[in-house]
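Structure assessment
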Amino acid sequence: MEANRLFGIGEPVAARGLSGEIDPLAAVELMRRVGFTAVREWMHIPQLLADPATPRPDAVAAYTRVLDLHRAQDREITGMNHDWYLAGNHLRAGNGEMYPRDLAPDSLYMRTLALWERSWATLSALFPQVTQWEVGNEWNADIFLHPVGWRYGQPGFTADEKMDIAVDLMYFAARGIRQGNPQAKVVSFSPTLSI
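Quick notes on the rules
Residues numbered from 1 in each chain as written. Predicted model: local features only at pLDDT ≥ 70, side-chain atom pairs only at ≥ 80, totals over all residues. Heavy atoms only, no water. Pairing = 2+ DSSP bridges. Helix = DSSP H or I, 4+ residues; strand = E, 2+ residues; numbered from the N terminus. Axes fitted to C-alpha atoms, helices over the stretch in contact; angles between N-to-C directions. Contact = heavy atoms within 4.5 Å. Buried < 20%, exposed > 50% of the residue type's maximum accessible area, 1.4 Å probe, protein only. Phe/Tyr/Trp six-rings, centres within 6.5 Å; stacked < 30°, edge-to-face > 60°. Parallel < 35°, antiparallel > 145°, perpendicular 65-115°, else oblique. Left-handed = near helix turned anticlockwise from the far one by under 90°. Nonpolar A, V, L, I, M, F, W, Y, C, P; charged D, E, K, R; others polar. Core = buried A, V, L, I, M, F, W, Y, C linked by side-chain atoms within 4.5 Å.

**A word on the sheet that holds strand 11 (residues 185-187)**
Ordered by their spatial adjacency, 5 strands build an open sheet running 1-2-5-9-11, and the pairing between neighbours is parallel. With one partner strand each, in any of the chains shown, strand 1 (8-10) and strand 11 form the two edges of the open sheet. Strand after strand, the sheet turns through a mean of 20 degrees between neighbouring axes, direction not considered. As defined by bridge partners, strand 5 (residues 76-80) adjoins strand 9 (residues 132-134) across 3 bridges and the pair is classed as parallel. Considered in strand 9, the bridge of Gly 79 is made with Trp 133. The strands touched by helix 4 (residues 57-72) are strand 2 (38-42) and strand 5; relative to strand 2, the strand with the most contacts, the crossing angle is about 170 degrees.

Encoded structure:
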């Protein structure tokens with residue numbers, strides 16, 4: 001009989017364990033005791049990859065331990081990421097920052113999407129325990145998707161601009177995931193009610 005996967009929890013266990021905030025083994029044990037059958041793990045690209053093709057070994061090992069425990073307890077794993085590397089003079093984490101949508105082949109926008117695709121290919125290949133990848137979070141809110149250099153309270157992208165960019169991000173993420181782990185499912189970003 002298939003487990004009811006609707007009884008889940010969203011908690012960045014591996015990330016919080018890596019930062020020393022919690023004991024991830026104790027957290028996963030609590031999940032077992034409560035009976036959670038699904039988990040949403042925060043798996044941000046800059047934390048796990050030094051660049052789109054280079055894993056951070058200590059972070060990968062820490063996440064692998066947690067993900068293996070989830071799998072051993074028959075928990076469905078959704079990996080969620082909404083951070084990326086920006087193209088430009090130097091590679092840096094975008095932290096929700098994005099260039100204005102520009103489909104010219106060598107634009108900073110298209111180069112960032114290429115880095116994003118490569119990052120997803122690397123990430124999904126590293127973690128076969130993850131059966132589905134949520135490729136973003138709350139991109140309809142300025143805090144999670146905004147122009148490079150944006151500050152809270154300033155105008156950001158319009159709602160239409162954010163959705164066009166979000167569709168591009170989802171498309172390029174899906175392409176990368178299919179390269180890294182063709183068996184994994186791709187899940188849309190979760191929009192938020194408060195924008």
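**Overview of the pairing of strand 5**
Among the 5 residues of strand 5, 4 are classified as buried, and the element is accordingly described as predominantly covered. In this structure, strand 2 lies alongside strand 5, joined through 5 bridges in parallel fashion. Its bridge partner being in strand 5, Val 39 is matched across the sheet by Ile 77.

**Quick word on the packing of aromatic side chains**
Throughout the structure, instances matching the rule amount to 10 aromatic pairs. Judged by centre distance (5.3 Å) and plane angle (85 degrees), the ring pair of Trp 84 and Trp 116 falls under edge-to-face. Linking Trp 84 in the loop between strand 5 and strand 6 (85-86) with Trp 116 in helix 5 (residues 108-126), this pair joins segments that are 32 residues apart in sequence. In this structure, Trp 84 and Trp 116 share a single accessibility class: buried.

**Focus: the packing of helix 2 (residues 24-34) against helix 4**
Following both chains from N to C, one finds helix 2 and helix 4 inclined at 15 degrees, their axes separated by 10 Å at the closest point. By the angle class used here, helix 2 and helix 4 are roughly parallel. Helix 4 is crossed by helix 2, and the crossing has right-handed handedness. Residues Pro 24, Leu 25, Val 28 and Met 31 of helix 2 lie in contact with helix 4, whose contacting residues are Val 66, Leu 69 and His 70. Each residue belonging to the contact of helix 2 with helix 4 can be placed in one class, and the counts come to 6 nonpolar, 1 polar and no charged.

**Some words on the packing of helix 5 against helix 6 (residues 159-180)**
The N-to-C vectors of helix 5 and helix 6 enclose an angle of 40 degrees; their axes lie 7 Å apart at closest approach. The angle between helix 5 and helix 6 places the two elements in the oblique class. Crossing handedness for the pair helix 5 and helix 6: right-handed. Every residue of helix 6 that contacts helix 5 at Tyr 109, Met 110, Leu 113, Trp 116, Glu 117, Trp 120, Ala 121, Ser 124 and Ala 125 is listed here: Asp 164, Ile 165, Asp 168, Leu 169, Phe 172, Ala 173, Arg 175, Gly 176, Ile 177, Gln 179 and Gly 180. Split by residue class, the contact of helix 5 with helix 6 holds 12 nonpolar, 4 polar and 4 charged.

**Notes on the nonpolar core**
Counting residues in hydrophobic clusters, the biggest one holds 45 residues, and the most contacted among them are Trp 116, Trp 120, Phe 127, Trp 133, Trp 139 and Leu 169. Contributions of two or more residues to this core are made by helix 1 (13-18), helix 2, helix 3 (45-48), helix 4, strand 6, helix 5 and helix 6. For this core, the element with the most residues is helix 6, which contributes 7 residues. Residues within four places of Phe 127 in sequence aside, it is in contact with Met 43, Leu 48, Val 60, Tyr 63, Thr 64, Leu 67 and Trp 133.

**Considering the pairing of strand 2**
Of all 5 residues making up strand 2, 4 are buried, and the element is well covered by its neighbours. The sheet contact formed by strand 1 and strand 2 spans 3 bridges and is parallel. Bridge assignment links Ile 9 to a residue of strand 2, and that residue is Val 39.

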